[in-house]
Amino acid sequence: MLSQVYRSGFQPFNQRLLPWVQSTAASRLYCGQHSAMRHVRSWSNIPFITVPLSRAQGKSFAHRSELKHAKRIVVKLGSAVVTRGDECGLALGRLASIVEQVSVLQNQGREMMLVTSGAVAFGKQRLRHEILLSQSVRQALHSGQNQLKEMAIPVLEARACAAAGQSGLMALYEAMFTQYSICAAQILVTNLDFHDEQKRRNLNGTLHELLRMNIVPIINTNDAVVPPAEPNSDLQGVISVKDNDSLAARLAVEMKTDLLIVLSDVEGLFDSPPGSDDAKLIDIFYPGDQQSVTFGTKSRVGMGGMEAKVKAALWALQGGTSVVIANGTHPKVSGHVITDIVEGKKVGTFFSEVKPAGPTVEQQGEMARSGGRMLATLEPEQRAEIIYHLADLLTDQQEEILLANKKDLEEAEGRLAGPLLKRLSLSTSKLNSLAIGLRQIAASSQDSVGRVLRRTRIAKNLELEQVTVPIGVLLVIFESRPDCLPQVAALAIATGNGLLLKGGKEAANSNRILHLLTQEALAIHGVKEAVQLVNTREEVEDLCRLDKMIDLIIPRGSSQLVRNIQKAAKGIPVMGHSEGICHMYVDSEASVDKVTRLVRDSKCEYPAACNALETLLIHRDLLRTSLFDQIIDMLRVEQVKIHAGPKFASYLTFSPSEVKSLRIEYGDLELCIEVVDSVQEAIDHIHKYGSSHTDVIVTENEKTAEFFLQHVDSACVFWNASTRFSDGYRFGLGAEVGISTSRIHARGPVGLEGLLTTKWLLRGQDHVVSDFSEHGSLKYLHENLPVPQRNTN
């Protein structure tokens, strides 16, 4: 076993290393020879660390979220990861990215080790170059001219390539790690080094000493001298080092590492060969699941295939090391794949010995899809019956619901801010209001699915219909709002959509009982699985990547939550608003009696709501009037903190604190006041600083009001009404899944209509397009046909 230490500009280490380098006259030592090991002890004054030769059976991490606690990590780089597509040379950009990630984790205080391929590819590139150069020189001397004939390159022996490439590969790693002030040390091993007891001790001690000195060991099989693998050695309970996969697993267990990351050229482990139509990435793989997997051929380069990787991973897992197999070649993810894995993100296949008690989120997505399709085929009266039953359960089971909610509130006390605690709280009146809202949804849902919107006679006996259909599977993510669960569930049931719910952990007990009641209501027509509550440790960002299972994401929570989801969503549309910066413009012709009532209700009734007032725009002519004084006095009584806009502050000798930004959603008893000169300036201000949520004008001038209503480009625009009316229940929608400020599909409070899309139904009799050509026998009619009247009862 060869060990070669590379110095990377780390001065204190260089000073300690210099006497040893001078004494050995080279930077290589053979750990299998006692004299070399004595050199190691002589240059270091720190006692040699002895460790057990066989790792004690520890416990691997049960969940991805625990990987962030990994201290000692082995990263295995497959041949396909480090080599170019032509297999002659290294993928330098990819390697630089990997080194950067390893360096970041090393500098966080972790102990990183690399098991790398690439020596053969690097050596093949060097030898090909030397052969071509040699042939070209000989040919030029022989022919006496510069025109060279086509030259054939002989087949290069792998051991020779490894011998030629090993030093260059390590020099490259050295140069890259130097950029991060990190030292790297090379260790070359063969299977014999693990069979010889003394060599195992030497290897173990060397690795521990390097890690203790904050050096990254770079380990590889010594392909220049590696003997053939010993047959059946795996049957003895110890994995045989046949390739770098088995080497990485053996080292991980020997060194008691917390995590082994195996990077290959596929996303992870699939239930069938990658690329096949029905291949699905396995998120978590458990021992004993091998029967559910079909292994394909090995990668284009290297010695191992996926079967070898799985075998090595399961052996390491049995030894107490967690394992993740992931793609290290994809240009969109390779730049952060290692750090993403350590952060616990859903990347590749995670090997775990602990099976979850319930279904995985992927399985829940499939159940929601099939359950939603069954739900859509029910009669409208049956879907309404489910919702009516859920409304009854909310009132009949109030005691159980409030008891669970009380437990959530007790656990959240001191951890959540006041506005969030208020959102978390349930009460008898809230549950009664919920039940009323659900009954409204049931009554209005009779013809929501399958309603004909348009009928057209294309030609004789060829009729086209446009009908409403469910969107598919909805993912609703909500914070501190357990009352959101039955609202959203009722809307999904009414529209025949499958539903995945992800609530905040602060409302876990409330959500659990409300979901059980929802499933009890669904069970009366055999569609219990249509609504799923995600209770696993899935991160929101991971859920947003399930683009093959989820058709629409609806976030309900803070502006930060919505922004994070909009950023994380990969190919899935997001319905919602990131901020609720609502304005109220008090016109010069506003009624004194109306203004204070409207301002108080908009700001003080529920300041944490997204439709609460955040900025009050006052016409300049109202300053120093009794109306303005009444507004200020009312805000003072309600203990509202006032922030002055720049223009408002300029009118005051002693002004309140000047606002830091005119684009702030306070979500509390705080309000920005700004002065404008006209209704047009108010509109311009709203367009510049608003969030297109809800904006109000207070005036007695109808012409001014209509100008405001027509020119403000927001989802909800009101005249002489509180901003708090921007709500699905108050609009008569029964409930809402949220308020959307987007300009596509649904806008404003989103009820039943916003959760539907359409499909086209064409009924013909042996019609073909060629019949409608210039010389065809048929002509297009395109006649509009009457649409069945909608049931409004």
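Refer to the structure printed above.
Read on for an overview of the structure. These numbers come from a predicted model, not from an experiment.

Scoring rules and cut-offs
Residues numbered from 1 in each chain as written. Predicted model: local features only at pLDDT ≥ 70, side-chain atom pairs only at ≥ 80, totals over all residues. Heavy atoms only, no water. Phe/Tyr/Trp six-rings, centres within 6.5 Å; stacked < 30°, edge-to-face > 60°. Helix = DSSP H or I, 4+ residues; strand = E, 2+ residues; numbered from the N terminus. Buried < 20%, exposed > 50% of the residue type's maximum accessible area, 1.4 Å probe, protein only. 1 Å grid on protein atoms, 1.4 Å probe; cavity = no way out; pocket = protein on both sides within 12 Å on 5 of 7 lines; lining within 4 Å. Points joined across faces, edges and corners; volume = space filled by probe spheres on them. Nonpolar A, V, L, I, M, F, W, Y, C, P; charged D, E, K, R; others polar. Pairing = 2+ DSSP bridges. Axes fitted to C-alpha atoms, helices over the stretch in contact; angles between N-to-C directions. Contact = heavy atoms within 4.5 Å. Salt bridge = Lys/Arg side-chain N within 4 Å of Asp/Glu carboxyl O.

What about the packing of aromatic side chains?
Under the definition given, this model contains six aromatic pairs. Ring centres of Phe628 and Phe648 lie 5.9 Å apart, and the angle between their planes is 70°; this geometry places the pair in the edge-to-face category. In this pair, Phe628 is assigned in helix H22 (residues 626-637) and Phe648 in helix H23 (residues 646-650), connecting sequence segments 20 residues apart. We classify Phe628 as buried; its relative accessible area is 9%. When its relative accessible area of 3% is taken as the criterion, Phe648 is described as buried.

Observations concerning the layout of surface pockets
One number sums up the size of the largest pocket: a volume of about 1,900 Å³. The wall of the largest pocket is formed by 49 residues, among which Leu281, Lys346, Glu362, Arg545 and Leu546 lie closest to the centre. Elements that contribute at least two residues to the lining of the largest pocket include exactly strand E8 (284-285), strand E9 (322-327), helix H11 (337-342), helix H12 (361-377), helix H19 (540-543) and helix H20 (559-568). Counting residues per element, the lining of the largest pocket draws most heavily on H12, at five residues. Grouping the amino acids of the lining of the largest pocket by side-chain chemistry returns 16 nonpolar, eleven polar and 22 charged. If you add up the space inside the second largest pocket, you get close to 1,100 Å³. Surrounding the second largest pocket, 43 residues form its lining, Arg481, Asp483, Tyr606, Ala609 and Arg724 being those nearest its centre. Listed by contribution, the elements that provide at least two residues to the lining of the second largest pocket are helix H15 (418-424), helix H16 (428-444), strand E16 (552-556), H20 and strand E23 (738-740). Tallied by class, residues from the lining of the second largest pocket come to 14 nonpolar, 15 polar and 14 charged.

Focus: the sheet that holds strand E25 (residues 756-763)
Read from one edge to the other, the open sheet built from four strands follows the order E25-E12-E11-E26, with strand pairing classed as antiparallel. If you trace the sheet from one side to the other, it starts and ends with E25 and strand E26 (783-785), each paired once. With strand direction ignored, the average angle separating the axes of adjacent strands in the sheet is 25°. Inspection of the sheet shows strand E11 (residues 452-459) paired to strand E12 (residues 462-470) by six bridges, in the antiparallel sense. The residue bridging Val452 from the neighbouring strand is Val467, located in E12.

Comments concerning the pairing of strand E3 (residues 72-77)
Most of E3 sits inside the fold, with six of its six residues counted as buried. Going residue by residue along E3, you find Arg72, Val74 and Lys76 tucked away on one face and Ile73, Val75 and Leu77 tucked away on the opposite face as well. Of the strand pairs in this sheet, E3 and strand E4 (residues 111-116) are connected by six bridges, and their pairing is parallel. Across the sheet, residue Val74 finds its bridge partner in E4, namely Met113. Relative to strand E7 (residues 259-264), E3 is paired through five bridges, and the arrangement is parallel. Looking across to E7, one finds that Ile73 is bridged to Leu259.

As for empty space enclosed by the protein
Any empty space left between the atoms is revealed when a probe the size of a water molecule rolls over them. Taken as a whole and assessed by the stated rule, the structure comprises three cavities of 30 Å³ or more. Lining the second largest cavity, in full, are Phe194, Arg200, Leu203, Asn204, Leu207, Leu251, Glu254 and Met255. Mapped by element, the contributors of at least two residues to the lining of the second largest cavity are helix H8 (197-212) and helix H9 (244-254). Of all the elements, H8 adds the most residues to the lining of the second largest cavity, at four residues. Within the lining of the second largest cavity, the residues separate by chemical class into five nonpolar, one polar and two charged.

What to know about unusual backbone geometry
Positive phi is not limited to glycine here, since Lys256 has a value of about 55°. Since its relative accessible area comes to 35%, Lys256 is described here as partly exposed. The phi torsion at Arg624 lies on the positive side, around 60°, for a residue other than glycine. Mapped onto the fold, Arg624 is located in the loop between strand E18 (613-619) and H22.

Side note on the sheet that holds strand E14 (residues 498-503)
Taken in spatial order, the four strands line up as E15-E14-E13-E16 in an open sheet, and their pairing is parallel. Two strands bound the open sheet, and with one partner strand each, they are strand E15 (531-533) and E16. Taken pair by pair, the neighbouring strands of this sheet meet at an average axis angle of 20°, ignoring direction. Looking at chain direction, strand E13 (residues 473-478) and E16 are connected through five bridges and run parallel. Bridging across to E16, Ile477 finds its partner in Pro555. The strands touched by helix H18 (residues 508-522) are E13, E14 and E15; relative to E15, the strand with the most contacts, the crossing angle is about 160°.

Re the pattern of salt bridges
Throughout the structure, instances matching the rule amount to 33 salt bridges. For Arg200, the salt bridge goes to Glu254, with nearest N and O atoms at 3.0 Å. Highlighted residues: Arg200 in helix H8 and Glu254 in helix H9, separated in sequence by 54 residues. Of the residues examined, Arg200 reaches a relative accessible area of 14% and is grouped as buried. For Glu254, a relative accessible area of 11% puts it in the buried group. Between Arg481 and Asp483 there is a salt bridge, and its shortest N-O distance comes to 3.4 Å. For Arg481, a relative accessible area of 22% translates into the label partly exposed.

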